[in-house]
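Descriptive structure summary
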Amino acid sequence: MAISAAAAAAAALSFPRALPSPLQPRRHRHRRRSAEPPACAHSERGVTFDPGSAFYRSDSAAGRDLAVLAATLHRRAAGPSVPFLCLDAMCGCGVRALRYLAQVGADFVWANDASEALRPVIVGNLSRFERAPDRRWAVSHLDATRLLSERYLRREYFDVIDVDSFGGDAAYIRAALLALRIGGLLYLTSTDWRSARGYGSRSSLSSYGAYIRPVPYPNEVGLRMLIGGAAREAAILGFHITPLFSYYAYHGPIFRVMVQLHNGKQDGISNYGFICHCKSCGQSRTFGFDELGQITCGCADKIDPDSITVVGPLWTGPLHDTTFLTEMLSLATEWGWANTIENGVSLEKLLDTMIEESDSRLPPGYIRLDEIASRAKVNSPPLGTLINSLRKEGYAACRSHIGANAIKTNCPIECCLDVAQEIRNLR
Ligand SMILES: C[S@@+](CC[C@H](N)C(=O)[O-])C[C@H]1O[C@@H](n2cnc3c(N)ncnc32)[C@H](O)[C@@H]1O
C-alpha cells in the first residue's frame, strides 16, 4: 500500500521530539480552549467535540468514562516523574484522545485512525482544546499494528493504549502489549458477539484461541474470551496480565476489558482453563488443563455426553480487581460522575455491581432467574430476596452487570433451587 505524505510524517514523530522534555512532564498551565464550541458539538462529562463523519456512539460514553477513571488512577499511581503517555490507536473523531488529555491530564496523547479523511475532525477536536506551541498531542493515519510495532521498535512505550476497532481486537493485542510500558493499561473492545455466543466457534478459535459454544451466559464468556486472548498473548511474550475491570454493554453489544501488563511469565497461565456447563442440571464448573480428561458433571445424567458443553480455554479468574474498582468509584464520586445517569447508565450502580462481581469466591457464569424458576418449578423468586437468602446460607451471591435478571453465586444449583422453593413456600 502506498504511504501518503501525512502517514510518513506521522511515522517519523517520536515522543522525545513531541514532548518538551521526556523527563519533565509539563504542568499544563496554558491550555487554550476556544470560547465557542462548534454548533454541532457533542459533550461527554463537560468535554465538547464534533463527531463529524466519524463513527461515534454516544451510548459508549460509559465505557469511555470507565477508561478515563482507570487511566487517571494509573497516572496518579505512576507519579509525576515520568511523562504519562496515551495512545488512542483507532480514534474515530478523537473523543477518547481528547478525554485522556482533558480529564486524565496525560502529558502526551497520540490519536491514530487509519482513515485520513477523518484528519480535519480529529485535529479540529484536539486543537480546540489545545494548540501549538503547547499542544500535547499528535495525529497519525497509520494501520494500528504498524504504529504499535514502530513504537515498540523505537522503545517508546505507552502507559495507556486504547484499541477500539470494528469487530474484534484480537489481531492487535500482541502489538499493543509490545508497545505498552510494564505496568501499563490496555483497553480492549470487541463487538464480536457471534464468537462470544458460540455462533462462530472456528472464528473464536482462530482469533482468541478459544473454542466457544453456546452456554446460558454468553456475554460473560465474551469478556472471558477477550481476557483469555490477552493472557495468552502476554504469556507468549514473557509477560502476564490481570484484568482491572470487564464491562459488557447491551448496545452494540460491546465487550470491553481493561488489563494491566506485568513483567514475567507465570508457570503456565493462571486462571486460564475451561468452563463446563451441564444442560441437564444447569451446573457450571471450571477445569484446568491438567484435568482435561476428567471433564464431567456429577449429576445423574452424566451418561448423556450431549448434556455437557465445554468452552475454552479462556479466563476463569475474577472479572475485576476489587481494590481498583473501589478506587474508581471513589474517583467517580469525587468528580460528581457517580450519581448522574448518562445515556441510561448510572456509574455508581454499575461500579457497585462490578465490585460485588469481583468477589474471588464467585465462579464464572450466572444463572437467570427464569431458569431457576423453571428448574425449581416455582414462580420466579425476587432477585434481592434470593441473593439475601443465599448469603444467609453462607454463599457468595450478587447481581450480574451483564445479565439483568440473573445472579452470580458459588451455591451449587440444587441448593439454589431449594432456596428458591423455600422463598416461594414462605409467601
Ligand atoms: C469503532 S471506531 C472508533 C470509535 C472511537 N474510538 C470512539 O470511541 O468514538 C473504529 C475506528 O477504527 C478505524 N480503523 C479500523 N481499522 C483500523 C486499523 N487497522 N488501524 C487504525 N485504525 C483503524 C476506523 O477508521 C474507525 O474510525
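Quick note: structure is the one above.
Residues numbered from 1 in each chain as written. Predicted model: local features only at pLDDT ≥ 70, side-chain atom pairs only at ≥ 80, totals over all residues. Heavy atoms only, no water.

1. Quick notes on the pattern of salt bridges
For the structure on display, the rule yields 21 salt bridges. The residue Arg 174 makes a salt bridge to Glu 233 at a minimum N-O spacing of 2.5 Å. With Arg 174 in helix 7 (residues 173–178) and Glu 233 in helix 10 (residues 218–236), this residue pair connects regions lying 59 residues apart in the sequence. The network of salt bridges with shared partners includes Glu 44, Arg 45, Arg 64, Asp 65, Arg 99 and Glu 342. (Salt bridge = Lys/Arg side-chain N within 4 Å of Asp/Glu carboxyl O. Helix = DSSP H or I, 4+ residues; strand = E, 2+ residues; numbered from the N terminus.)

2. Considerations on the site of the ligand
Near the ligand, the surroundings consist of 20 residues, among which Arg 96, Asp 113, Asp 143, Ala 144 and Asp 164 are the closest. Between the ligand and Ala 114 there is a distance of 3.1 Å, counted from a nitrogen atom to a backbone nitrogen or oxygen. Take Ala 144: an N or O atom from its main chain is 2.9 Å from a nitrogen atom of the ligand. In isolation the ligand has 610 Å² of accessible area, and contact with the protein removes 88% of it. Its residues assigned to classes, the shell around the ligand comprises 12 nonpolar, three polar and five charged. (Near = heavy atom within 4 Å. Polar contact = N/O pair within 3.5 Å; in protein donor to acceptor, adjacent residues only side chain to side chain. Areas by Shrake-Rupley, 256 points an atom, 1.4 Å probe, with all protein chains shown as cover. Nonpolar A, V, L, I, M, F, W, Y, C, P; charged D, E, K, R; others polar.)

3. So, the pairing of strand 11 (residues 284–287)
Across four bridges, strand 10 (residues 272–278) lies against strand 11 in antiparallel orientation. Each bridged residue has a counterpart across the sheet, and for His 277 the counterpart in strand 11 is Ser 284. The antiparallel hairpin formed by strand 10 and strand 11 contains five residues in its connecting segment, where Gly 282 sits at a positive phi of about 90°. (Pairing = 2+ DSSP bridges.)

4. Some points on unusual backbone geometry
The omega torsion across Gly 312 and Pro 313 is 0°, close enough to zero to call that bond cis. Examined against the element boundaries, Pro 313 turns out to sit in strand 12 (residues 308–315). Here the phi dihedral of Arg 45 falls at roughly 50°; this positive angle occurs in a residue that is not glycine. Inspection of the secondary structure assignment puts Arg 45 in the loop between strand 1 (42–44) and strand 2 (47–49). Arg 45 sits in the buried class, given a relative accessible area of 16%. Non-glycine residue Asn 271 carries a positive phi angle of around 55°. With respect to the helices and strands, Asn 271 occurs in the loop between strand 9 (254–263) and strand 10. Judged by relative accessible area, which is 37%, Asn 271 ranks as partly exposed. (Buried < 20%, exposed > 50% of the residue type's maximum accessible area, 1.4 Å probe, protein only.)

5. Notes on the environment of Thr 296
Examined against the element boundaries, Thr 296 turns out to sit in the loop between strand 11 and strand 12. The spacing of Thr 296 and Val 310 is 14 residues in sequence and 9.5 Å in space, taken between C-alpha atoms.

6. Focus on the sheet that holds strand 7 (residues 180–190)
The strand order across the open sheet formed by seven strands is 5-4-3-6-7-9-8, and the pairing between neighbours is mixed. A strand with exactly one partner marks an edge of an open sheet, and here the two such strands are strand 5 (137–140) and strand 8 (239–249). If you compare each strand with its neighbour and ignore which way they point, the axes differ by 15° on average. Bridge count between strand 4 (residues 108–112) and strand 5: four bridges; the pairing is parallel. Pairing of Asn 112 across the sheet is with Ser 140, part of strand 5. Against the sheet, helix 3 (residues 61–78) engages strand 6 (158–163), strand 7, strand 8 and strand 9, with an angle of about 175° to strand 7. Helix 4 (residues 95–104) contacts strand 3 (85–88), strand 4, strand 5, strand 6, strand 7 and strand 9 of the sheet and is inclined by roughly 175° relative to strand 4. (Axes fitted to C-alpha atoms, helices over the stretch in contact; angles between N-to-C directions. Contact = heavy atoms within 4.5 Å.)

7. Examining the sheet that holds strand 11
Two strands in a sheet stick together by hydrogen bonds in their backbones, pointing the same way (parallel) or opposite ways (antiparallel). Within the open sheet, the three strands sit side by side as 11-10-12. Their pairing is antiparallel. Each edge of the open sheet is held by one strand with a lone partner, namely strand 11 and strand 12. This sheet shows a mean twist of 25° between the axes of neighbouring strands, independent of strand direction. The sheet contacts of helix 10 involve strand 10 and strand 12, and relative to strand 12 the element is tilted by about 45°.

8. Let's talk about helix 5 (residues 119–129)
Residues of helix 5 that are buried: Val 121, Ile 122, Gly 124, Asn 125, Leu 126, Ser 127 and Phe 129. Elements in contact with the buried residues of helix 5: strand 2, helix 4, strand 4 and strand 5.

9. So, the packing of aromatic side chains
Taken as a whole and judged by the stated rule, the model has 12 aromatic pairs. Seen from their ring centres, Phe 49 and Tyr 56 are 5.3 Å apart, and the 70° between their planes marks the pair as edge-to-face. Accessibility expressed as a relative area gives 18% for Tyr 56, which makes it buried. Taken together, the ring pairs connect Phe 108, Trp 110 and Phe 158 into an aromatic cluster. (Phe/Tyr/Trp six-rings, centres within 6.5 Å; stacked < 30°, edge-to-face > 60°.)

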